[in-house]
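Read off the chains here:
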Amino acid sequence: MQDKILDGKKVSADIKAELADEIKKLQDKRNITPGLAVALVGEDPASQVYVNMKEKTCKALGIVSHKHVLPADVSEDRLLSLIDVLNNDPEIDGILVQLPLPGHIDENRVLDRIKVEKDVDGFHPVSVGRLVLGQPGFRAATPAGIIELLKRSGVAIQGKEAVVVGRSNIVGKPVALLLLNEHATVTIAHSRTPDLGEVTRRADILVVAVGRREMVTADMVKEGAVVVDVGIHRTDDGLVGDVAFNQVQEKASAITPVPGGVGPMTIAMLMSNTVQAARSRA
Ligand code: GUN
């Protein structure tokens with residue numbers, strides 16, 4: 001059986017070490033250095049932290065990161081022009097626009113504009129369509145990271161009852177599809193599910209991505225369930241998730257901590273997607 005703590009920090013370090021080897025081989029054998037462009041609009045503090053972590057990880061692995069910081073009042077057209085330039089830059093393998101964007105910018109139009117071959121965030125409608133159809137393509141980093149963490153921690157998915165709480169385009173919907181592709185029986189619950197506890201108690205694998213602090217309590221979890229917490233909330237007592245960790249860990253057979261669970265996996269999978277994009281460079 002797996003350890004009780006699903007250690008995203010350790011598993012992501014293993015993945016990053018594998019990627020560093022692969023990046024070195026790409027350079028030695030094909031003279032390719034993977035390049036990731038990150039566009040950040042405005043000064044949202046959380047987004048700044050995420051973008052800086054992505055940049056730092058790129059540097060550590062030998063990926064060239066190109067950061068583009070645009071003012072909060074930048075026009076949609078200017079952002080689209082930047083994407084056009086990056087789409088046509090042969091040194092750039094992956095393009096990531098940090099979300100959320102300011103209200104005056106149409107997120108869908110922006111994500112649509114990124115070349116599918118450079119869509120390392122997996123948010124382009126074509127990438128999402130490929131996920132739905134089970135075809136090869138880029139998978140969004142957090143959902144892919146959750147599956148990778150479960151697999152590398154020895155958690156079997158096939159045939160299990162999986163319940164996802166949350167239906168966002170970034171996590172809830174795609175992770176449900178990935179669990180389905182792994183042959184779980186999948187239920188998606190959300191804020192308008194009448195008796196949420198009745199649904200979550202069915203779960204052998206419970207993935208929580210609702211964005212509400214410590215919302216999932218021990219009474220909502222089946223004895224022996226595997227619990228994945230995607231939430232992250234800054235509090236006076238430090239970072240906490242969407243799951244009340246201390247009480248739920250008594251019941252779970254395995255659980256992700258916050259921090260050190262899903263978060264580090266997200267970055268590792270973004271790096272993995274970028275290396276995959278570089279490998280397919282013409
Ligand atoms: N904002 C929150 N999560 C993400 C992510 O995975 N990618 C991007 N681009 N923005 C985000």
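Here's what I pulled together on the structure shown here. (Residues numbered from 1 in each chain as written. Predicted model: local features only at pLDDT ≥ 70, side-chain atom pairs only at ≥ 80, totals over all residues. Heavy atoms only, no water.)

**Focus on the pairing of strand β7 (residues 226-229)**
Along any regular strand the residues' side chains alternate between the sheet's two faces.
Moving on, step 1. With burial as the criterion, each face of β7 is covered, one bearing V226 and V228 and the other bearing V227 and D229.
Moving on, step 2. The pairing of strand β6 (residues 205-208) with β7 spans four bridges and is parallel. Residue V208 lies in a different strand from β7, and its bridge partner there is D229.
Moving on, step 3. In this structure, β7 lies alongside strand β10 (residues 254-255), joined through two bridges in parallel fashion. (Buried < 20%, exposed > 50% of the residue type's maximum accessible area, 1.4 Å probe, protein only. Helix = DSSP H or I, 4+ residues; strand = E, 2+ residues; numbered from the N terminus. Pairing = 2+ DSSP bridges.)

**Quick word on the sheet that holds strand β1 (residues 35-41)**
Two pairing modes exist for strands in a sheet, parallel and antiparallel, and in both the strands are linked by backbone hydrogen bonds.
Moving on, step 1. Taken in spatial order, the three strands make up an open sheet running β2-β1-β3, and their pairing is parallel. Where the open sheet ends on each side, the last strands, each with one partner, are β2 (64-70) and β3 (94-97). With strand direction ignored, the average angle separating the axes of adjacent strands in the sheet is 15°. (Axes fitted to C-alpha atoms, helices over the stretch in contact; angles between N-to-C directions.)

**Examining the sheet that holds strand β4 (residues 161-165)**
Moving on, step 1. Read across the open sheet, the five strands follow the order β5-β4-β6-β7-β10; overall the sheet is parallel. Two strands lie at the open edges of the sheet, namely β5 (185-189) and β10, each paired on one side alone.
Moving on, step 2. Where helix α7 (residues 172-181) meets the sheet, it contacts β4, β5 and β6, and its direction lies at approximately 170° from that of β4. (Contact = heavy atoms within 4.5 Å.)

**Concerning the side chain of T235**
Moving on, step 1. Mapped onto the elements, T235 comes out in strand β8 (residues 233-235).
Moving on, step 2. You can call T235 buried: its relative accessible area is 17%.
Moving on, step 3. For T235, the side chain forms a polar contact with the main-chain nitrogen of D237, separated by 3.0 Å.
Moving on, step 4. Within the local environment of T235, its side chain forms a polar contact with the backbone oxygen of G238, the two atoms lying 2.7 Å apart.
Moving on, step 5. Residues in contact with T235, not counting those within four places in the same chain, are R213 and V240. (Polar contact = N/O pair within 3.5 Å; in protein donor to acceptor, adjacent residues only side chain to side chain.)

**Notes on the site of the ligand**
Moving on, step 1. Taken together, K54, L96, V97, Q98, L99, D121 and F123 are the residues near the ligand.
Moving on, step 2. V97 places a main-chain nitrogen or oxygen 2.9 Å from a nitrogen atom of the ligand.
Moving on, step 3. With respect to the ligand, the side chain of Q98 contributes an N or O atom lying 3.4 Å from a nitrogen atom.
Moving on, step 4. Of the residues in the shell around the ligand, the class split is four nonpolar, one polar and two charged. (Near = heavy atom within 4 Å. Nonpolar A, V, L, I, M, F, W, Y, C, P; charged D, E, K, R; others polar.)

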